[in-house]
Structures are given as structure tokens and as C-alpha cells.
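Structural overview for review
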Amino acid sequence: MKKSNPLYQQFDNQLKSIAILIDPDEYTTLENLLKLIDLSISAKIDYFMVGGSLITKDTQQLIIHTIKHNCEIPVILFPGSSMHIDVEADGILFLSLISGRNPELLIGQHVSAAPLLKRSNIEVLPTGYMLINGGNDTSVSYMSGTTPIPADKNSIAIATALAGQLLGMKLIYMEAGSGANIPVSPSMIQAVKDEIDCPLIIGGGINTKEKAKQAFEAGADVIVIGNAIEKDPNLLIEVSHLVDNMNRELLNIH
């Protein structure tokens, strides 16, 4: 039976949305997770993403289970490898690291994961993943053995994103890496968005409302916020209000 794709339809609805990325290796306590869930419900975030480039703690299953049993917000896997699949999740970003040349992360891990995903109820979201230089070395760059796209090379980013779309990828995800000093520039976001027809996700280094606004105005459909929330919980509320206002304008609701 053909699986439905409600998550992709939500990504592709022309409205702005927010995702929270939870790295299992950054997991602290169940109490803090429950507080984050409550805050996310209040802020009306659209997605939880769970995963990371390196997972050394056995907490991912607990995190996903806790989210699923305490709210209705969809949980999407952000896997670093085929070992990071949890069938309790609602969806998975089936990431192909198209900015790099590591065959394991272009297709190798996907071959290992495909049979399990076929048997599961997880919605698979084919995603072209592009790492952009954020001014410092990141875990994903080190673990993947790939060089990020230079931050000022919009032409390379455009060609890479187009290649991903033409290969059939349904989403493009550009990020500067967790804790990046410099997020993906508005100039690069706009340049890529002007050339592709699929939803664009932007993450890494978005730690202020102003950076979120710049990313959205440049063309981001989804922004991903990670550890910045721990330092400033109010950031989520501020970005939530921003998204609500922008979506009202998009829907011509005044």
C-alpha cells in the first residue's frame, strides 16, 4: 500500500515554519526535555528533529518516545547514519550530503537503511543536504570527511542545490553546522531559493530573532534552531511570533 506524505505536504504549503533540533548527545535530563516540549507547544513549533552527526549516548529512543507521548508535534529523524533510525518517529530526512564527495553519505548509508524504512511507517523525505562554511570547524564536517561550500560561493551552492533537485530530492537543507559562528548568508539563501522549486530548510548559527528574520526574508521555508534555545529560551517565543506575523501576511490576514 502506498504511504501518505502529510509531512511533505506541510513542508510544501508555502508558509514559514520552525523546527527544533535535539542532539541526543546534548541531552541533559528528562525534566529539561519536558520543559522544552511545553515551551514548544506554547510557541506552536512545527517539527522536532532528533539526531546528529555523532551519537554516543543511548538517549535517542527515550527522547523520541517522550516527545510522542507528550505532544502532537511531529518527530523527524535527522540521522548521521543508518544506525540512527527509530521507527517510532513520524518521518526521516533521508539526507544525501550533496555538498561533499563521501560515497557513504551520498548513497552508502542509504542502501543499508532502505529495507528497514520500506517496512516501517516512517515518512521518508529525500533531502539534499548542503554544508556551508560557518567560520569554524564543525562535527558534521569532521565526521563526514567533507569540505563545506565556501560561504561566498553562491554559484556553487546554486549548482549543488539544482543537482539535488534534478536528482529527485524533495527538500534542500543548507546549514553552517551546529554552533556555527556565521549562519548561511541571506545572499546565498536567496540565490538558491530563486533557482529551486522545492522547500528550503536553513539551520546552523541561527541564535537571534534577527538572524531568523533575515533567513526567512531571503527565502527560507523552514529554519532549524538547536542549542541556542538552551542559552535563550525566549528565542523560541520571539521566532514563533515572527513566523506567525509572516504567515499572516502570506495569507493576507490582517
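Residues numbered from 1 in each chain as written. Predicted model: local features only at pLDDT ≥ 70, side-chain atom pairs only at ≥ 80, totals over all residues. Heavy atoms only, no water.

Time to look at helix α6 (residues 154-166). Given a rise of 1.5 Å per residue, 13 residues ought to cover 18 Å, and the 18 Å separating the end C-alpha atoms of α6 matches this to within 8%. In this fold, the buried residues of α6 make contact with β5 (123-131), β6 (171-175) and α7 (186-193). Of the residues trailing α6, glycine 168 is marked for its positive phi of about 105°. (Helix = DSSP H or I, 4+ residues; strand = E, 2+ residues; numbered from the N terminus. Expected span 1.5 Å × (residues − 1). Contact = heavy atoms within 4.5 Å.)

Time to look at the packing of aromatic side chains. Evaluated as defined, the whole model comprises four aromatic pairs. Measuring from ring centre to ring centre gives 5.8 Å for phenylalanine 78 and tyrosine 129, while their planes differ by 85°; the resulting arrangement is edge-to-face. Here phenylalanine 78, found in the loop between β3 (75-77) and β4 (91-97), pairs with tyrosine 129, found in strand β5; they are 51 residues apart in sequence, far enough to count as distant. Aromatic side chains tyrosine 129 and tyrosine 173 sit 5.5 Å apart centroid to centroid with 90° between the ring planes, which places their arrangement in the edge-to-face category. Of the two residues, tyrosine 129 is situated in strand β5 and tyrosine 173 in strand β6; the sequence distance between them amounts to 44 residues. Take tyrosine 129: its relative accessible area is 5%, and that puts it in the buried class. (Phe/Tyr/Trp six-rings, centres within 6.5 Å; stacked < 30°, edge-to-face > 60°. Buried < 20%, exposed > 50% of the residue type's maximum accessible area, 1.4 Å probe, protein only.)

In this section: the packing of helix α2 (residues 30-43) against helix α10 (residues 234-250). At their nearest, the axes of α2 and α10 sit 9 Å apart, and the two run at 20° to each other. With respect to α10, the element α2 is oriented roughly parallel. Two packed elements cross with a definite hand, and for α2 against α10 that hand is right-handed. Across from Leu39, Ser40 and Ala43 in α2, the residues of α10 making contact are Leu236, Ile237 and Ser240. (Axes fitted to C-alpha atoms, helices over the stretch in contact; angles between N-to-C directions. Parallel < 35°, antiparallel > 145°, perpendicular 65-115°, else oblique. Left-handed = near helix turned anticlockwise from the far one by under 90°.)

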